[in-house]
Amino acid sequence: MIEIDALHKSFGQKTVLDGISLGVTQGESLCVIGQSGTGKSVLLKCILGLTRPDAGRILWQGKALDRTTRPDFMNRFGMLFQGAALFDSLSVWQNVAFRLRQRMPDAKARAIAVEKLARVGLGAETADLMPAELSGGMAKRAGLARAIADDPAVIFFDEPTTGLDPIRARRINDLIRGIVTETGATAITITHDMDSVRAIGDRVALLENGRIAWDGPVAQMNDAAPLAAFLGQQNRS
Amino acid sequence: MNPVRLTGRGTLWTLRGIGALTLFTLRGLFRLQPFYPRAFLAQLIQIGWLSLPVVGLTALFTGAALALQIHSGGARFQASDVVPAIVAIGMVRELGPVLGGLMVAARVASSIAAEIGTMKVTEQIDALVTLSTDPMRWLVTPRLWAAVLTVPVLVGVGDIIGIMGGWIVGTQSLGFNSTGYLANSAAYLQSWDVVSGLLKGAVFGLIVAVSGCWFGMHSGRGAAGVGRATKSAVVAAAVGILAANFVLTGMFFE
């Protein structure tokens, strides 16, 4: 469904992505892991078109993403940002229904927003709150509701549990797993939290020095030597 | 470093900056589709309506002080009677647009830069892109047009309030007759005086909004980055207004 082909990206002298090739199939949940600064977020930004790669291609349903194909791609995905990235000037329901309001009346968009908020465990009373009135966990849930508001075919999760305590992190992981399974959406998660990988992922790819050091099913990750080193570092930190 | 190379690098940097700012302004003004009426309406209120108190108060005190100055200065060569005309012409041509523009710069450029800068550092601008929304069209275009359209209105209202400030001082403490003061104010004003002031207002509005949006969109990381963007936006808008005022005054009245 999404194919990354020999992607290169450098910032000045620093090579961040050094010929990355990676694919994700329909309905699969791929987790990309790696230490801080290994290029996980840059990879995500290249896929989303927020950063232009120096070389390489990203294919969506067999077609290279460019000016003509990107709008269709952009309309088919949702994204949960690390800090939720809710718009401060809009209420929670207006955030969730942001895309919907551009093509349907407010009343209908609000009804869908309230339904999606309920799906992520937020009551209708949160709909009229402003983002500044939400706790970190609630903001993350509202961000998740926004990501799934338009029934996307692909959902990106950028460090979904960062900044949450272990209990809230587990709840978010369970929620993401449930939503991905229920909607059949393809999921790409950028994380360094191994609990998230175990809860969310079908497949895991380890990013190291701008390259994919290991790529395989989550069930096999405990036996993979490159991952053992990464897990050891994680445990020490 | 070689001074020739240094000069060349500085020239290229400056030209690149001017080019980028020009393109940014043109894109902000003319990439209108899709247009977001809700965002535009919110900015009309934010930039225009909510700036009215500060612009009105500034104009009121400026008109009043100008009347006192002209009266005491004019007394040196027996020209105290020109107070109404000078206050009206001074307010409409120069002080209304410039002081109104500066007050809007202080209030609006800082708030635009801080808002957009915060949106940038908290990934809200990236979120807009992922929601198939062009940040230029959603954030910049409504602010630019709202400022271009509302600042002339603010200047016009400020002109009237400034003239009334002079009238209050003139009639209450300088001994002018009320009807005579107003008749004198109107007698020496020409329509071009008013129109040129309003045109200045439109240009100053554009400068304010472009400064706020440009520095907000190019804000550095964290609170310090947003703080720097806010400060730069206000300074650039204020200097830009004063420079543009000099150029426009030359164009309009030379």
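Quick notes on the rules
Residues numbered from 1 in each chain as written. Chains lettered and ligands numbered in written order. Predicted model: local features only at pLDDT ≥ 70, side-chain atom pairs only at ≥ 80, totals over all residues. UniProt positions renumbered as here; feature names shortened; annotations may be inferred. Helix = DSSP H or I, 4+ residues; strand = E, 2+ residues; numbered from the N terminus. Expected span 1.5 Å × (residues − 1). Buried ≥ 20, exposed ≤ 12 C-beta atoms within 10 Å, placed from the backbone. Contact = placed C-beta atoms within 7 Å. Nonpolar A, V, L, I, M, F, W, Y, C, P; charged D, E, K, R; others polar. Pairing = 2+ DSSP bridges. Right-handed = clockwise from strand over helix to strand, strands pointing away.

### Let's talk about the UniProt feature "transmembrane region" (unreviewed entry) in chain B
Residues and elements named next belong to chain B.
- Per the UniProt record, "transmembrane region" (unreviewed entry) is annotated on residues 12-30, 50-68, 144-169, 198-217 and 229-253.
- Taken end to end, residues 50-68 comprises 89% helix and 0% strand; its first and last C-alpha atoms sit 29 Å apart.
- Between the C-alpha atoms that bound residues 229-253 the distance is 35 Å, and the span itself is 100% helix and 0% strand.

### Comments concerning helix 1 (residues 3-30) of chain B
- Between its first and last C-alpha, helix 1 of chain B extends 40 Å over 28 residues, near the 40 Å set by a 1.5 Å rise per residue.
- With one of its 28 residues buried, helix 1 of chain B lies for the most part at the surface.

### Focus: the interface of chain B and chain A
- Taken residue by residue, the interface counts nine residues in chain B and 12 residues in chain A.
- Class assignment for the residues of the side of chain B that touches chain A results in three nonpolar, four polar and two charged.

### Some remarks on the environment of Gly156 of chain B
- Its location among the elements puts Gly156 of chain B in helix 6 (residues 135-172).
- As for Gly156 of chain B and Gly96 of chain B, which are separated by 60 residues in sequence, their C-alpha atoms are 7.8 Å apart.

### Comments concerning the pairing of strand 1 (residues 2-11) of chain A
Residues and elements named next belong to chain A.
- The sheet contact formed by strand 1 and strand 2 (residues 14-24) spans eight bridges and is antiparallel. Residue pairing across strands places Lys9 opposite Leu17, the latter belonging to strand 2.
- Counting the residues between successive antiparallel strands, the hairpin from strand 1 to strand 2 contains two residues, one of them, Gly12, with a positive phi of roughly 65 degrees.
- Bridge analysis of strand 1 against strand 4 (residues 55-60) gives five bridges, and the strand direction is antiparallel. For Ile2, the partnering residue across the bridge sits in strand 4 and is Trp60.

### What about the pairing of strand 7 (residues 154-158) of chain A?
Residue and element names in this part refer to chain A.
- Counting buried residues along strand 7, four of its five residues qualify, which places the element largely inside the surrounding structure.
- The pairing of strand 7 with strand 8 (residues 186-191) spans five bridges and is classified as parallel. Counterpart to Phe157 in the pairing with strand 8 is Thr189.
- Each parallel crossover has a hand, and for strand 7 linked through helix 6 (residues 166-183) to strand 8 it is right-handed.

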